[in-house]
Amino acid sequence: MTDTATPSTTAWWRHAAIYQIYVRSFADADGDGTGDLAGVRDRLPYLSQLGVDALWFTPWYTSPMADGGYDVADYRDIDPRFGTLAEAEALIAEAHTHGLRVLVDLVPNHCSDQHPWFRQALADGPGSPLRDRFWFVPGRGANGELPPNDWQSYFGGAAWTRVTEPDGTPGPWYLHMFAPEQPDLNWEHRDVRAEFEDILHFWLRKGVDGFRIDVAHGLAKKPGLPDVGPDPDLTDLPYQDCDDVHEIYREWRKILDSYDGERTFVGEVWLPTPDQFARYLRPDELHSAFNFEFLCCAWDAGALRDVIKGTLAAHLPVGAPPTWVLSNHDTIRHVTRYGREDTSFEMGDKRLSDPSDPVLGRRRARAAALLTMALPGGVYVYQGDELGLPEVQDIPDALIQDPTFARSLGTDRGRDGCRVPLPWTGATASLGFSPDGASAAPWLPQPADWAAMSVEAQLDDPESVLTLYREALALRRARLVGLPETLALADAGADTVCFDRPGGFRCLVNIGAEAVTVPAGAHVLLSSGPLARDADGLRVPADTCVWLDMNGTSGARR
Ligand code: GLC
């Protein structure tokens, strides 16, 4: 927790601010209502001025979009809706000239049912050796009419779909931990391993700086695919965190390290215990992983302090930098989460209609942004976080595209509410997402009141969320990047999260109702909201975060 370990702090990925681009919803240059690479290229100056270090692109590959691109049909090409491979190459190069690194999303647990491997395996019929690249398994029951085991898809329903053979007869079942359009690959098969090693080389040669690994805990399956049973041990499920998965990452790490520059892996690792999680971050595996415990944590001082301490304790033994995440394309936007009575989050959260106070949510979201940016390690910004966008909770059923909606028979409204196209200006029908005269409306409707939250509306407003992000990212770069990855918790009251970083920097978040006094002699570097002054001095009101210079050497702000 304190200055016991001082890992090398020079590598960029140890302290990067990484901006997540959900390509479909970022910016649409060709006017078809879907975001594209040309739209991103146009906005690179915006991203570089925002002050982030790297961009993570959610899957941009050829895909039928049964799961927003996480169903990949060709890992070495760009979906035509997004552009071309040549444009991706240009985008990588241009991002680099803007000082922005590029991470791409690797989806190795499953591919699309339209991937040539799966189509061929189906077409070749029973006994085809190509089926061994997937999990084709005979069903149970007298005629194989029951799934091979009791596994449930993360999206709802059985994790198995029965095959109809080319001659029309019912065949075996295939495994899909997500949608039926996403058959799981069999990582025991050497073709699968060789293919993904080649895909890594392909994108590394194109100049990417790293990969986000989708479902990193899920690739290996327990031999024999045993039933989960009625009362499963969540730390020992047969479809996640099986030991063989680590061997895959050790091989990949060797490949990555054979390239010049500081390339990096970040894992999407959702696991119940910090020990399980940390094993993915051993020095010869992945460099970092998303901190979902922090994302799920309620807006509560004690709970946040515990998660921060637990996070640092889990990362320290493996020497990996922690990361801090508030939202992503799978979760409810944190402005909305923090405006609710229950401010915690759980994957599969179905409370989309729970009421949320937007003013309270935004105030807390501003404070949370400063908290994440003050902590040691990496920080993620999901597109639209910097505008303070809320979850869109009233997308009409007919327009919802997330497969979780249909698979849950409508009980889970899914993740489209955090994927609504960004507002860039207030003036046009698509709020600047698409060009004037676009041939189609944005693929999801934007709320009319988003005009007031557009980039244009916020850019020159000193009180806007965008201005806060720009100031905070700049200050973080100047004051915190490159410091030892340590913090010392300070006691500023039970309802606060307060800690010191080296160099006299203090972060103080007041989560309680009573205002908290800024220590005498400290200078305010930045605050997430207005501070009050009374006889005791400067006061930090509820749900506000301040960054302080305890040496009092820097000028006051706000
Ligand atoms: C990850 C992605 C999510 C996707 C799933 C299946 O959790 O973040 O969007 O649906 O994997 O690929």
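Higher on the page you've got the structure.
Being a predicted model, the structure only gives us computed values, none of them experimental.

Novice: Describe the site of the ligand, naming the residues involved and giving the relevant values.
Specialist: In the neighbourhood of the ligand, 14 residues make up the surrounding shell, with Asp67, His110, Asp214, Glu268 and Asp330 lying closest. In the environment of the ligand, an oxygen atom lies 2.9 Å from a nitrogen or oxygen atom belonging to the side chain of His110. The fraction of the free accessible surface of the ligand (310 Å²) that becomes covered by protein chains is 96%. Its residues assigned to classes, the shell around the ligand comprises four nonpolar, three polar and seven charged.

Novice: So, the packing of aromatic side chains: which residues are in play, and what are the values?
Specialist: Given two aromatic rings, their pairing is described by the distance between the two centres and the angle made by the two planes. Considering all chains together, one arrives at 32 aromatic pairs under this definition. Look at Trp56 and Tyr380: their rings are 6.2 Å apart centre to centre, the planes differ by 85°, and that puts the pair in the edge-to-face class. With Trp56 in strand β2 (residues 54–57) and Tyr380 in strand β13 (residues 378–382), the pair connects residues that are 324 residues apart, well separated along the chain. Classification of Trp56 as buried rests on a relative accessible area of 2%. Residue class for Tyr380 comes out buried when judged on its relative accessible area of 8%. Taking 5.3 Å as the distance between ring centres and 65° as the angle between the ring planes, the aromatic pair formed by Trp151 and Tyr239 counts as edge-to-face. With a gap of 88 residues between them, Trp151 in the loop between β6 (136–137) and β7 (160–164) and Tyr239 in the loop between β9 (210–213) and α6 (244–257) connect regions that are remote in the sequence.

Novice: Tell me about the packing of helix α11 (residues 358–374) against helix α14 (residues 465–479), and name the residues and values.
Specialist: Where α11 meets α14, the closest approach of the two axes is 10 Å, and the angle between their N-to-C directions is 15°. Taken together, α11 and α14 sit at an angle that is classed as roughly parallel. Classified by chirality, the crossing of α14 by α11 is right-handed. Within the contact between the two elements, α11 uses Arg362, Arg366, Ala369, Leu370 and Met373 and α14 uses Val465, Leu468, Tyr469, Ala472, Leu473 and Arg476.

Conventions and cut-offs
Residues numbered from 1 in each chain as written. Predicted model: local features only at pLDDT ≥ 70, side-chain atom pairs only at ≥ 80, totals over all residues. Heavy atoms only, no water. Near = heavy atom within 4 Å. Polar contact = N/O pair within 3.5 Å; in protein donor to acceptor, adjacent residues only side chain to side chain. Areas by Shrake-Rupley, 256 points an atom, 1.4 Å probe, with all protein chains shown as cover. Nonpolar A, V, L, I, M, F, W, Y, C, P; charged D, E, K, R; others polar. Phe/Tyr/Trp six-rings, centres within 6.5 Å; stacked < 30°, edge-to-face > 60°. Helix = DSSP H or I, 4+ residues; strand = E, 2+ residues; numbered from the N terminus. Buried < 20%, exposed > 50% of the residue type's maximum accessible area, 1.4 Å probe, protein only. Axes fitted to C-alpha atoms, helices over the stretch in contact; angles between N-to-C directions. Parallel < 35°, antiparallel > 145°, perpendicular 65-115°, else oblique. Left-handed = near helix turned anticlockwise from the far one by under 90°. Contact = heavy atoms within 4.5 Å.

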